[in-house]
Amino acid sequence: MLSERRLEVLRAIVQDYVGTEEPVGSKALTERHNLGVSPATVRNDMAALEDEGFIAQPHTSAGRIPTDKGYRLFVDKLAGVKPMTAPERRAIQNFLDGAVDLDDVVGRTVRLLAQLTRQVAVVQYPSLTRSTVRHVELLSLAPARVMLVLITDTGRVEQRMVDCPAPFGEASLADLRARLNSRVTGRRFTDVPQLVQDLPEAFETEDRGTVSTVLSTLLETLVEETEERLVIGGTANLTRFGHDFPLTIRPVLEALEEHVVLLKLLGEAGDSGMTVRIGHENAYEGLNSTSVVSVGYGSGGEAVAKLGVVGPTRMDYPGTMGAVRAVARYVGQILAES
């Protein structure tokens with residue numbers, strides 16, 4: 001274990017390097033930080049930190065920079081989450097409150113996260129596998145044509161046209177709508193097939209074919225919509241960090257296009273905790289020079305999706321973690337109220 005003083009020296013190195021972009025020397029550290037020891041002692045501490053792999057010497061520079069291992073220790077032990085100021089919180093709320101539907105919420109969230117952190121923002125659409133049914137609407141368009149509208153607890157709306165095998169009267173449609181909603185409202189998508197399987201038997205023989213057709217369209221919609229969707233914003237922010245990527249920015253841009261990779265990086269949607277993956281902890285090679293900060297968001301205390309940012313490992317971790325957490329909290333509130 002590192003001594004308290006060496007942890008303080010590491011904290012100072014990370015803070016200075018993130019702030020100045022310059023490798024940090026012992027003289028600068030003792031001048032900028034109240035470490036209470038001589039430059040010679042700080043040099044010894046830096047040598048110990050380097051031996052243990054927490055800092056490294058880039059090329060021939062006299063200064064040192066944090067390694068992935070150094071950033072990891074900083075995030076786990078030394079960095080608190082920096083809270084947003086009251087004006088920042090108001091700005092987040094005002095910006096997100098203007099959203100008119102789920103697509104707008106997701107679009108605004110991406111823009112906001114990218115602006116607040118000046119990194120690449122990634123927002124996953126609420127996953128329907130963890131969603132519940134708020135309401136199913138059935139509308140008669142013609143004697144044998146029905147429009148099915150599925151509304152989820154996260155505000156997602158899906159519409160499907162159903163061509164029925166026989167004409168279906170308004171009274172039968174109203175009956176089906178009522179019976180269907182009494183069974184599925186508030187229930188998880190994954191529970192719905194079981195809940196409706198015997199519903200056709202509640203109808204007259206001549207209507208059962210139509211009821212089955214409507215139900216199979218509903219179940220297909222539930223299955224179709226479980227594929228995960230992502231929105232990315234602020235990719236141009238990466239160009240500000242050109243020198244933070246060892247060779248070129250291209251591998252990072254290519255990785256950002258791979259939505260499957262990003263979904264894995266964000267982690268399991270059901271896990272609402274804050275996740276920070278640093279450098280080589282990212283399994284995808286193109287992202288070895290980046291860090292990913294992500295957190296779950298959702299209504300009613302359960303995460304239905306993840307959001308986060310991707311940036312260089314030389315990142316303001318406390319500020320980024322604070323922004324990601326605050327935005328996730330407000331998006332969750334909007335979903336709960338929608």
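Keep in mind that what you see is a predicted model, and the values were worked out from it rather than measured.

A. How the structure looks around the sheet that holds strand E5 (residues 145-152). Within the open sheet, the three strands sit side by side as E4-E5-E6. Their pairing is antiparallel. With one partner strand each, in any of the chains shown, strand E4 (133-142) and strand E6 (157-163) form the two edges of the open sheet. Sheet twist, expressed as the mean angle between neighbouring strand axes with direction ignored, is 20°. The pairing of E5 with E6 spans seven bridges and is antiparallel. By the bridge assignment for E6, Arg145 is matched with Asp163. Across the face of the sheet, helix H7 (residues 170-184) comes into contact with E4 and E5 while running at roughly 165° to E4.

B. The packing of helix H1 (residues 4-20) against helix H3 (residues 39-51), seen in detail. Contact pair H1 / H3: the axes reach a minimum separation of 10 Å and the direction vectors enclose 85°. Judged by the inter-axis angle, H1 sits roughly perpendicular to H3. From H1, Arg5, Arg6, Val9, Leu10 and Ile13 reach across to H3, where they touch Thr41, Asn44, Asp45, Met46, Ala48 and Leu49. Partitioned by chemical class, the residues of the contact of H1 with H3 number six nonpolar, two polar and three charged.

C. Inspection of a nonpolar patch on the surface at higher detail. Taken together, the side chains of Leu139, Leu141 and Met161 present a nonpolar region at the surface, about 260 Å² in accessible area. Inspection of the secondary structure assignment puts Leu139 in strand E4. On the basis of relative accessibility, which here comes to 35%, the residue Leu139 falls in the partly exposed class.

D. Representation of the packing of aromatic side chains within the structure. Tallied over the full model, the rule gives one aromatic pair. Taking NZ or CZ as reference, Arg179 lies 5.5 Å from the ring centre of Phe203, over its face.

E. Just a positive patch on the surface, in detail. Together, Arg89, Arg90, Arg325 and Arg329 make up a region of like positive charge exposed at the surface. Where the positive patch is concerned, the elements lending two or more residues are helix H5 (86-97) and helix H12 (317-337). Arg325 gets classed as partly exposed once you look at its relative accessible area, which sits at 34%.

F. The pairing of strand E9 (residues 290-297), seen in detail. With respect to burial, E9 is a largely interior element, eight of its eight residues being buried. The two faces of E9 match: Thr290, Val292, Ser294 and Gly296 on one face and Ser291, Val293, Val295 and Tyr297 on the other face are all buried. Here eight bridges tie E9 to strand E10 (residues 305-312), and the two strands are oriented antiparallel to one another. Note on E10: the bridge partner recorded for Ser294 is Gly308.

G. Here's a closer look at the domain arrangement of the protein chain. The assigned domain composition of the protein chain is domain 1 (2-75), domain 2 (84-125 + 227-335) and domain 3 (127-223). In this structure, domain 1 and domain 3 have C-alpha centres spaced 62 Å apart.

H. The arrangement of the sheet that holds E10 in detail. The strand order E7-E3-E10-E9-E8 describes an open sheet built from five strands, whose pairing is antiparallel. Each of the sheet's edge strands pairs with one partner strand only, and the pair in question is strand E7 (230-233) and strand E8 (275-278). Each neighbouring strand pair of the sheet contributes to a mean axis angle of 15°, computed without reference to strand direction. Pairing geometry for E8 and E9, over four bridges, is antiparallel. Paired with Thr275 across the strands is Ser294, a residue of E9.

I. Region of interest: the nonpolar core. One finds Leu29, Leu307 and Tyr317 to be the most contacted residues of the largest nonpolar core, which totals 58 residues. Looking at this core element by element, the count peaks at 11 residues for H12. With near-sequence residues (within four places) excluded, Leu29 lies in contact with Val9, Ala12, Ile13, Asp16, Val24, Leu35, Val42 and Met46. Core analysis: the next-biggest nonpolar cluster, separate from the first, contains 23 residues, Val133, Val136, Val162 and Leu176 among them.

What counts as what
Counting starts from 1 at the beginning of each chain's written sequence and moves along it residue by residue. Residue-level local features of this predicted model are given only where pLDDT is at least 70; pairs of side-chain atoms are given and counted only at 80 or more, and the full residue set underlies all totals for whole chains, interfaces and linings. With hydrogens and water set aside, each side-chain value is computed from the structure's full complement of heavy atoms. Any two strands are treated as partners once DSSP identifies two or more bridges connecting them. Going along the chain from the N terminus, every DSSP run of H or I of four or more residues is numbered as a helix, and every run of E of two or more is numbered as a strand. Axis lines are fitted through C-alpha atoms, for helices just across the contact stretch, and the angle between N-to-C directions can take any value from 0 to 180 degrees. Throughout, a residue-residue contact means that at least one pair of heavy atoms, one from each residue, lies within 4.5 Å. Note on angle classes: values under 35 degrees are labelled roughly parallel, values over 145 roughly antiparallel, values of 65 to 115 roughly perpendicular, and the remainder oblique. Three classes are used: nonpolar for Ala, Val, Leu, Ile, Met, Phe, Trp, Tyr, Cys and Pro, charged for Asp, Glu, Lys and Arg, and polar for all others, with Gly counted as polar. Surface patches are drawn from residues lacking salt bridges whose relative accessible area is over 30%; two like charges belong together within 9 Å, two nonpolar side chains (Val, Leu, Ile, Met, Phe, Trp, Tyr) within 5 Å. Accessibility throughout is a Shrake-Rupley quantity obtained with a 1.4 Å probe, and a residue counts as covered only by protein chains that appear here. For this analysis, a salt bridge means a side-chain nitrogen from Lys or Arg found within 4 Å of a carboxyl oxygen belonging to Asp or Glu. Three exposure classes are used, based on accessible area relative to the maximum for each residue type with a 1.4 Å probe and protein chains only: buried under 20%, partly exposed in between, and exposed over 50%. Stacked, edge-to-face and tilted are the three classes for Phe, Tyr and Trp ring pairs, Trp counted by its six-membered ring, which pair at centre distances within 6.5 Å; planes under 30 degrees apart are stacked, over 60 edge-to-face, the rest tilted. In this scheme, Lys NZ or Arg CZ marks a charge over a ring once it lies within 6 Å of the ring centre and within 35 degrees of the ring normal. Positive charges come from Lys and Arg alone, negative charges from Asp and Glu alone, with His and the N- and C-terminal ends not counted. Charge coordinates come from a single atom per side chain, which is NZ of Lys, CZ of Arg, CG of Asp or CD of Glu. By convention here, the domain bounds are inherited from an automatic or database domain assignment. Among buried residues, those of type Ala, Val, Leu, Ile, Met, Phe, Trp, Tyr and Cys that are joined through side-chain atoms within 4.5 Å constitute a nonpolar core.

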